[in-house]
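Spelled out, the chains give:
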Amino acid sequence: MKGLRRQYTDILKGRARAGDVASLLQHGLRWVGTALGPRRAHGSKARPVFGPALGTLLVTYRCDLRCRVCDLPARAAARRRAGDTELDTEAMRAVLRDMKAIGTAGVGFTGGEPMLREDILELLAYANRLGLHAHLNTDGFRVAEQAEALLATGVRSINISLDGPTPEIHDTARRRQGSFETVLGAFRALRDARGKRAEPHLTAVTVLTASNVHRAGEVVRVAVDAGADRVGVIPVHDFGQGEETPEAAEVLAALEDLKQLHGEGLVDNSTGYLDLLPRAFRGEPSPLFCYAPYASVVVDCYGDVYPCFPLMERKKPAGRIPLAALWRSPAYAAVRDELASCTACLWNCHTELNLVLPQGRLAPRAPGTELAS
């Protein structure tokens, strides 16, 4: 293990500063319980020892951008044409209550663009009242004008996408002129609204592609200058958009820059995750056993439930809400069994958890399940 993702250490340090010993003990028990989950899985009667550390609520597929690496807005349009409607506020609240009931530690609100939902502030505040660690992923639009209201919800951390150090690179990736300045303005507004408070933690997230990997270090400096606490990176995963593969030398140079910036406290990823970047860009399978079916759950705005984010991208749900019943069901246990050898991705949130959980005999010995199969 090569360190912890800084978003995880933020949580632990915050609990320690607050003197919340009970919460720290619970996190320790969750680690043990998650580690034991796959070892006690024996068919349809197996149950996870703990609920997921990470819940994701994809509150809408709608978005104000048309990014090169994402097809969710097109999916939203297709669902509307099919007559499907997004879960309303009360249905979303019910999902959050179920996340709490199954023992979820925190929930990330994402999309699409979650700020397009008129009830997003209400949902963030509700998650906070339930005792869930509420996190927001956004493209930055509608953030600056609602910075104070966002912080009033009790949101604990906010990620904003930033895919380049210049308007030319970022706006091209996001396919909207002015997006770069909007992101920087969002960070400035949030930092001003936060003042001297420790939270919410502010992170810029960069999807590394052939178009920007050679400028990764510059992205970090630009984001931090604008008000971000740090930057996290994820290598682009090809979910059908046909992204080009960057040159190996560019990836290695970016890795060197990111590790140096990590030493300055400016990079969110663990060094263990950074070391996997060349492997990801070569298209090689993950070398890790994946705990995602035990450590995470994703619910989308139509009520479909997925064991991990990449399976949401591949439109392969494990079932539908209500979540609590499904999480404990034989059908979900069968999905966990089916995914036991999956090595298909290096998605950041799942891989960072895998890196701090025991591997040993569980680690894959050969390429495993392909998500596209």
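Refer to the structure printed above.
This is a predicted model, so every value here is computed, not measured. (Residues numbered from 1 in each chain as written. Predicted model: local features only at pLDDT ≥ 70, side-chain atom pairs only at ≥ 80, totals over all residues. Heavy atoms only, no water.)

Caption draft 1: Spotlight on the overall build of the protein. A tally of helices and strands in the protein yields 17 helices and nine strands. Taken over the C-alpha trace, the protein has a radius of gyration of 19 Å; the compact-globule value for 373 residues is 21 Å, and the two agree within 12%. Projected onto its principal axes, the C-alpha positions of the protein cover 55 × 50 × 45 Å. The proportion of buried residues among the 373 residues of the protein is 56%. Relative to all contacts within the protein whose residues are 6 or more apart in sequence, the contacts with residues 24 or more apart total 75%. Accessible surface, the protein: about 15500 Å² in total, of which carbon and sulfur atoms supply 53%. The averaged location of the 43 negative side-chain charges in the protein is 7 Å from the averaged location of its 47 positive side-chain charges. (Helix = DSSP H or I, 4+ residues; strand = E, 2+ residues; numbered from the N terminus. Rg over C-alpha atoms; globule rule 2.2 N^0.38 Å. Buried < 20%, exposed > 50% of the residue type's maximum accessible area, 1.4 Å probe, protein only. Contact = heavy atoms within 4.5 Å. Areas by Shrake-Rupley, 256 points an atom, 1.4 Å probe, with all protein chains shown as cover. Lys, Arg positive; Asp, Glu negative; His and termini not counted. Charge placed at Lys NZ, Arg CZ, Asp CG, Glu CD.)

Caption draft 2: Just the sheet that holds strand β7 (residues 296-300), in detail. In space, the nine strands of this open sheet follow the order β6-β5-β4-β3-β2-β1-β7-β8-β9, with mixed pairing throughout. Because the sheet does not close on itself, it has two edges, and the strands there are β6 (230-235) and β9 (319-320). The pairing of β7 with strand β8 (residues 304-306) spans two bridges and is classified as antiparallel. What sits directly across from V299, in β8, is V305. Sheet strands in contact with helix α4 (residues 89-101) are β1 (54-58), β2 (106-110) and β7, and its direction is about 170° off that of β1. (Pairing = 2+ DSSP bridges. Axes fitted to C-alpha atoms, helices over the stretch in contact; angles between N-to-C directions.)

Caption draft 3: Seen up close, helix α10 (residues 248-263). With 16 residues, α10 should reach 22 Å at 1.5 Å per residue; the first-to-last C-alpha distance of 23 Å fits that figure. Among the structural elements, α1 (6-17), α9 (216-226), β6, α11 (271-274) and α12 (277-281) are those in contact with the buried residues of α10. In the stretch just after α10, G265 is the one whose phi turns positive, near 80°. (Expected span 1.5 Å × (residues − 1).)

Caption draft 4: Here's a closer look at the packing of α4 against helix α5 (residues 120-129). Put simply, α4 and α5 touch, their axes get as near as 10 Å, and they point 25° apart. One finds that α4 runs roughly parallel with respect to α5. Pair α4 / α5 crosses with right-handed handedness. Together, T89, M92, R93, L96 and R97 of α4 and E122, L123, Y126, A127 and R129 of α5 make up the contact between the two elements. When grouped by side-chain class, the residues that make up the contact of α4 with α5 number five nonpolar, one polar and four charged. (Parallel < 35°, antiparallel > 145°, perpendicular 65-115°, else oblique. Left-handed = near helix turned anticlockwise from the far one by under 90°. Nonpolar A, V, L, I, M, F, W, Y, C, P; charged D, E, K, R; others polar.)

Caption draft 5: Layout of the nonpolar core. One finds L57, Y61, L96, F109 and L190 to be the most contacted residues of the largest nonpolar core, which totals 93 residues. It is helix α8 (residues 179-194) that provides the largest number of residues to this core, a total of eight residues. (Core = buried A, V, L, I, M, F, W, Y, C linked by side-chain atoms within 4.5 Å.)

Caption draft 6: Layout of the side chain of T206. Inspection of the secondary structure puts T206 in strand β5 (residues 201-208). For T206, a relative accessible area of 1% puts it in the buried group.

Caption draft 7: Structural context of the packing of aromatic side chains. Counted by the stated rule, this structure contains four aromatic pairs. Their ring planes at 80° and their centres at 5.4 Å tell us that Y61 and Y302 sit as a pair that is edge-to-face. Here Y61, found in the loop between β1 and α3 (72-81), pairs with Y302, found in the loop between β7 and β8; they are 241 residues apart in sequence, far enough to count as distant. Residue classification places Y61 among the buried residues on the basis of a relative accessible area of 1%. Residue classification places Y302 among the buried positions, given a relative accessible area of 6%. Residues F289 and Y291 carry aromatic rings whose centres are separated by 5.1 Å and whose planes lie at 85° to one another, so their mutual orientation is edge-to-face. (Phe/Tyr/Trp six-rings, centres within 6.5 Å; stacked < 30°, edge-to-face > 60°.)

Caption draft 8: Broad picture of helix α17 (residues 348-355). Burial runs high along α17: eight of the eight residues are buried. All of the buried residues along α17 are N348, C349, H350, T351, E352, L353, N354 and L355.

Caption draft 9: Region of interest: the packing of α9 against α10. Across the interface, α9 lies against α10 with an axial gap of 8 Å and an inter-helix angle of 30°. The residues of α10 that touch α9, namely those facing A216, G217, V220 and R221, are A254, D257, L258 and L261. When grouped by side-chain class, the residues that make up the contact of α9 with α10 number five nonpolar, one polar and two charged.

Caption draft 10: Seen up close, the pairing of strand β3 (residues 133-138). Across the six residues that make up β3, a large majority, five, are buried. Across four bridges, β2 lies against β3 in parallel orientation. Bridging from a neighbouring strand, V107 pairs with A134 of β3. The parallel pair β2 and β3, bridged by α5, forms a crossover whose chirality is right-handed. Alignment of β3 against strand β4 (residues 157-161), held across four bridges, turns out to be parallel. Across the sheet, residue H135 finds its bridge partner in β4, namely S157. In this fold, the crossover linking β3 to β4 by way of helix α6 (residues 147-152) has right-handed handedness. (Right-handed = clockwise from strand over helix to strand, strands pointing away.)

Caption draft 11: Here's a closer look at the pattern of salt bridges. According to the stated counting rule, one finds 23 salt bridges in the structure shown. The partner of R191 in a salt bridge is D229, and the shortest N-O contact between them spans 2.9 Å. Here R191 is found in helix α8, whereas its partner D229 is found in the loop between α9 and β6, with 38 residues between them in sequence. Under the relative-accessibility criterion, D229 is labelled buried at 19%. Through salt bridges with shared partners, a single ionic network connects R62, E86, R117 and D119. (Salt bridge = Lys/Arg side-chain N within 4 Å of Asp/Glu carboxyl O.)

All quantities given are derived from atomic positions and should not be read as evidence of function.
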